[in-house]
Amino acid sequence: MKILANDGIAQSGIQALENEGFEVLTTTVAQEQLIPYINENEIIGLLVRSATKVRKDLIDACPNLKLIGRGGVGMDNIDVAYAKEKGLYVINTPAASSESVAELVFAHLFGGVRYLYDANRQMPLDGDSKFKQLKKSYAGGTELRGKTLGVIGFGRIGRATAKIALGVGMKVIYFDPFLEKASLEVSFFDGQSVSFDLASLSKEEVLQSSDFITLHVPAQKEYVIGQKEFAIMKDGVGIVNAARGGVVDEVALVDALENGKISFAGLDVFESEPNPEIKILMHPKISLTPHIGAATGEAQNRIGTELASQIISLLK
Ligand SMILES: NC(=O)c1ccc[n+]([C@@H]2O[C@H](COP(=O)([O-])OP(=O)(O)OC[C@H]3O[C@@H](n4cnc5c(N)ncnc54)[C@H](O)[C@@H]3O)[C@@H](O)[C@H]2O)c1
């Protein structure tokens, strides 16, 4: 029983599958070679992350394929409904990377309030000759403690982010049209925990009252944050998008950064991924990461073992 992990899989997942008699292939097969490779090697399970596309043509051309697995959340690269209609199992690991994405949001926020995104660009250039000037330019930082974080989309990652914010001493408000109320349990290292009961505010209220805004919604047809939304935010707000490119209007974002409405942005995802706009990449007020929200060793291990246990229970 052969499984092809075309975009890679953690060793923990390979081990768990091999223990149950599966053979795991980790060759990265080019998209156009995938159909013959699957058929010639009698692959029954195809595991992907976000790179490999699993469309109707592949599903039709590989009749022995029984399962498609996505390591992670978004399934936009898989024709899920069609695969299920054809009798294939389609699985993913929605919860495995929430904490990793939430921590990356805070990396952008902590970096943002102390200008690290810019200091890290300027120090190698001028750190030895203009130390005092640089010290002055980055001296006006602020603290996160005591400020209000507005979370748009209060699912798994939104709530994981909110818990870190509460631990840091921030006030958390949220907007989620499908979740009126939420109870959050913030756990500490010694077993203590504190619970918080929150209720969704309107989108306008969240935009108007937040010092920092972070987005955790699924891919949408329309922008969640565009010109109209930036206009009603407080002046000088910081915004982070580690959800999906296309959730924030990047043209409106650049305008808001340039007219001072927004003080900084942290972006892990981009409208024109994998070729983000140069204007975004070069902007001095944007903290940038190349879609690495879920890419921690811990999350990849959880993804690997979660995929393995689902495959074992479905195919053995
Ligand atoms: N940066 C990364 O590497 C990375 C990794 C994993 C997931 N993600 C992305 O993070 C996002 C959230 O993932 P999740 O696991 O928390 O999903 P989730 O389904 O648990 O939560 C999404 C929440 O958004 C809410 N929502 C939907 N439309 C909304 C809207 N217009 N306004 C406000 N709320 C809305 C839903 O009710 C839901 O509660 C997804 O887009 C996912 O693709 C990014």
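That block above? That's the structure.
Residues numbered from 1 in each chain as written. Predicted model: local features only at pLDDT ≥ 70, side-chain atom pairs only at ≥ 80, totals over all residues. Heavy atoms only, no water.

**Q** Just checking my understanding: could you explain the environment of Ser200 for this structure?
**A** Considering the arrangement of structural elements, one finds Ser200 in the loop between β9 (193–199) and α9 (203–209). Put simply, Ser200 and Val151 are 49 residues apart on the chain and 9.7 Å apart in space, counted from C-alpha to C-alpha. Setting aside residues no more than four positions away along its own chain, Ser200 makes contact with Tyr174, Phe175, Asp176, Leu179 and Glu180. (Helix = DSSP H or I, 4+ residues; strand = E, 2+ residues; numbered from the N terminus. Contact = heavy atoms within 4.5 Å.)

**Q** Where do I start with the packing of aromatic side chains in this structure?
**A** Aromatic ring pairs are defined here through the distance separating the ring centres and the angle between the ring planes. Enumeration over the complete set of coordinates arrives at 5 aromatic pairs. Aromatic side chains Phe154 and Tyr174 sit 3.9 Å apart centroid to centroid with 5° between the ring planes, which places their arrangement in the stacked category. Placement of the pair is Phe154 in the loop between β6 (148–152) and α8 (156–168) and Tyr174 in strand β7 (residues 171–175), with a sequence separation of 20 residues. Assessed through its relative accessible area of 0%, Phe154 is described here as buried. Taken together, the ring pairs in this structure connect Tyr117, Phe212 and Phe264 into an aromatic cluster. Taking NZ or CZ as reference, Lys56 lies 5.4 Å from the ring centre of Tyr82, over its face. (Phe/Tyr/Trp six-rings, centres within 6.5 Å; stacked < 30°, edge-to-face > 60°. Buried < 20%, exposed > 50% of the residue type's maximum accessible area, 1.4 Å probe, protein only. Lys NZ or Arg CZ within 6 Å of the ring centre and 35° of its normal.)

**Q** I'm lost on the site of the ligand in this one. Help?
**A** Residues in close proximity to the ligand total 23 residues, the closest being Arg156, Ile157, Asp176, Val217 and Asp268. One nitrogen or oxygen atom from the side chain of Asp176 is found 2.6 Å from an oxygen atom belonging to the ligand. Relative to its unbound accessible area of 870 Å², the ligand is 85% covered by the protein chains. Taking a 2 Å distance to the grid points as the criterion, the majority of the atoms of the ligand fall inside the largest pocket. (Near = heavy atom within 4 Å. Polar contact = N/O pair within 3.5 Å; in protein donor to acceptor, adjacent residues only side chain to side chain. Areas by Shrake-Rupley, 256 points an atom, 1.4 Å probe, with all protein chains shown as cover. 1 Å grid on protein atoms, 1.4 Å probe; cavity = no way out; pocket = protein on both sides within 12 Å on 5 of 7 lines; lining within 4 Å. Sits in = over half its atoms within 2 Å of the grid points.)

**Q** Got a minute to help me understand the pairing of strand β11 (residues 237–241) in this structure?
**A** As a general feature of sheets, a regular strand has side chains that alternate between the two faces. Summarising burial for β11: 5 of the 5 residues are buried, a large majority. Alignment of strand β10 (residues 212–215) against β11, held across 4 bridges, turns out to be parallel. Its bridge partner lying in β11, Ile213 is registered against Ile239. Running through helix α10 (residues 227–232), the crossover from β10 to the neighbouring parallel element β11 is right-handed. When β11 meets strand β12 (residues 262–267), the two strands line up parallel, connected through 5 bridges. In the sheet register, Ile239 faces β12, and the bridge partner there is Ala265. With helix α11 (residues 250–258) bridging β11 and its parallel neighbour β12, the resulting β-α-β unit is right-handed. (Pairing = 2+ DSSP bridges. Right-handed = clockwise from strand over helix to strand, strands pointing away.)

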